[in-house]
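Fold and contact review
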Amino acid sequence: MKLPTAADIAAASEIVYSVMQPTPQTSWPLLNEALGTEAWIKHENHTATSAFKVRGGLVYMRRLLEHAPHTLGVITATRGNHGVSVAYAARRNGLKATIVFPHGNGAEVTAAMRSLGADTIAHGHDFQASREHALMLAERDGLHMVPPCHEDLVAGVASYWMELLRAQPDIDTIFVPIGQGSGFSAAIAAREALGLRARVIGVVSSGALGYQLSFRAGEAIESPVDTAIADGMACRRPDPSSLPIVMRYADDVIDVSDDEIARAIRLYYRSTHNVAEGAGAAALAAALKLKHDPRVQGRKLGIPLTGANLDAEMLRRVLGEEPLR
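Before going into details, it helps to say that this report is about the structure given with it. Please read these numbers as outputs of a predicted model, since none were measured by experiment.

1. A word on the pattern of salt bridges
A complete count under the given rule lists 21 salt bridges for this structure. Arg-140 is the partner of Asp-141 in a salt bridge, and the nearest nitrogen-oxygen pair spans 2.8 Å. According to the relative accessible area criterion, Arg-140 is exposed, its value standing at 58%. The residue Glu-222 makes a salt bridge to Arg-236 at a minimum N-O spacing of 3.4 Å. Taken as a pair, Glu-222 in the loop between helix H9 (210–217) and helix H10 (243–249) and Arg-236 in the loop between H9 and H10 lie far apart in primary sequence, 14 residues in all.

2. What to know about unusual backbone geometry
Backbone geometry at His-273 places phi at a positive 60°, although glycine is not the residue there. Residue position: His-273 is located in the loop between helix H11 (258–272) and helix H12 (278–289). Backbone geometry places Glu-321, a non-glycine residue, at a positive phi of 55°. With respect to the helices and strands, the residue Glu-321 is situated in the segment after helix H13 (312–319).

3. Some details on the sheet that holds strand E3 (residues 74–77)
Strand order in the open sheet made by the four strands is E5-E4-E3-E6, with parallel pairing throughout. Only two strands of the sheet have a single partner each, and these edge strands are strand E5 (119–122) and strand E6 (144–145). Pairing of strand E4 (residues 97–101) with E5, which is carried by four bridges, proceeds in the parallel orientation. Counterpart to Val-100 in the pairing with E5 is Ile-121.

4. Some words on the environment of Leu-284
Tracing the chain through its elements places Leu-284 in helix H12. Owing to a relative accessible area of 0%, Leu-284 belongs among the buried residues under this scheme. Apart from residues lying up to four places away in sequence, Leu-284 is in contact with Leu-31, Leu-35, Ala-264, Leu-267, Tyr-268 and Ile-303.

5. Observations concerning the layout of surface pockets
What the largest pocket holds in volume is close to 820 Å³. Lining the largest pocket are 45 residues, and of these Arg-79, Gly-80, Asp-231, Gly-232 and Met-233 lie nearest its centre. Elements with a minimum of two residues in the lining of the largest pocket: helix H4 (81–92), strand E7 (173–177), helix H8 (182–194) and H12. Looking at the lining of the largest pocket residue by residue, the class counts come to 19 nonpolar, 19 polar and seven charged.

6. Overview of the packing of aromatic side chains
Under the definition given, this model contains two aromatic pairs. Measuring from ring centre to ring centre gives 6.0 Å for Phe-52 and Tyr-160, while their planes differ by 65°; the resulting arrangement is edge-to-face. Taken together, the residues span a long stretch of sequence, with Phe-52 in the loop between strand E2 (39–43) and helix H3 (53–67) and Tyr-160 in helix H7 (residues 151–167) at a distance of 108 residues.

7. Describing the pairing of E2
With five of its five residues buried, E2 lies for the most part within the structure. Neither face of E2 is open: one carries Ala-39, Ile-41 and His-43, the other Trp-40 and Lys-42, and all of them are buried. As judged from the two bridges shared by strand E1 (residues 25–26) and E2, these two strands associate in the antiparallel manner. Pairing of Thr-26 across the sheet is with Ile-41, part of E2. For E2 and strand E10 (residues 301–305), the ladder comprises five bridges, and the chain directions are parallel. Bridge assignment links His-43 to a residue of E10, and that residue is Leu-305.

8. Things to note about the nonpolar core
Formed by 39 residues in total, the largest nonpolar core has its most connected members in Phe-175, Ile-261, Tyr-268, Leu-284 and Ile-303. Residue contributions to this core peak at nine residues, all from H12. Residues within four places of Phe-175 in sequence aside, it is in contact with Trp-161, Ile-201, Val-203, Ala-283, Ala-286, Ala-287, Leu-290, Val-296, Leu-301, Gly-302 and Pro-304. Formed by 33 residues, the second largest nonpolar core is a distinct cluster that contains Val-157, Leu-165, Ile-188 and Ala-189.

Conventions adopted
- Residues numbered from 1 in each chain as written.
- Predicted model: local features only at pLDDT ≥ 70, side-chain atom pairs only at ≥ 80, totals over all residues.
- Heavy atoms only, no water.
- Salt bridge = Lys/Arg side-chain N within 4 Å of Asp/Glu carboxyl O.
- Buried < 20%, exposed > 50% of the residue type's maximum accessible area, 1.4 Å probe, protein only.
- Helix = DSSP H or I, 4+ residues; strand = E, 2+ residues; numbered from the N terminus.
- Pairing = 2+ DSSP bridges.
- Contact = heavy atoms within 4.5 Å.
- 1 Å grid on protein atoms, 1.4 Å probe; cavity = no way out; pocket = protein on both sides within 12 Å on 5 of 7 lines; lining within 4 Å.
- Points joined across faces, edges and corners; volume = space filled by probe spheres on them.
- Nonpolar A, V, L, I, M, F, W, Y, C, P; charged D, E, K, R; others polar.
- Phe/Tyr/Trp six-rings, centres within 6.5 Å; stacked < 30°, edge-to-face > 60°.
- Core = buried A, V, L, I, M, F, W, Y, C linked by side-chain atoms within 4.5 Å.

Have a look at this one:
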């Protein structure tokens, strides 16, 4: 996959802004106090789907119909926000969407997909099993398979990184959660388009180490998935289109545990009264973990709150500091 250029991101942004407004970036005093430095939070929890993915979905679906106007329908696999994005963008463009997710998927994010008119199918016990089933259904039923990472998705997502980095061009270090890599790739694309030099640190779940192990080994490595809260990062196999970008451009890839993510969710709520889902709080969790690291200490940080789709019962457990399982 090629990184989108500045022109590609500008064209994608026109599609995004025909539907939604830019989201805010805010430096919260209590978060800065907890981190011991200045941080700017990019509030992608304020989009129409409460997550950053919608930007890429809007661009992908528009471009799909430009190139293949007779598309019968689309299908994809997801643990959550990607599916909501596909359902939202498909409905806006007059397409039927089918979403495949693992058994035990979050009830509220699944309800959101259905409310947007998507057909939903539970299959398998992790993202990879769901993806393989979706590919089979796509071939059988003549549906277009929407991938988890693609240049059009990345170009759309890069619009939020352009907003943040134009507003705060002197950010020193950026933290980016990695699920299948579209968000990380978008951060790199925006940084390169603007000619900036900020470090970009990828963040994975301690229960889904594929990208970290691959980054350190210099080759693709699968890793078992076991996380109670970081659904958006619960990927067993790194995506082959985004992995080379992570391996080439990441300053580092660090992991955060479920407990560290839960702490970050509590901090977001108590300091800003914003709700963050597990993956949405991972960047803050990583910054807190590296609080005394030279890449954080005294540096200006860029931290995306990438999504807010956390089921009410899990939020209750997190805020009450109860066991997550």
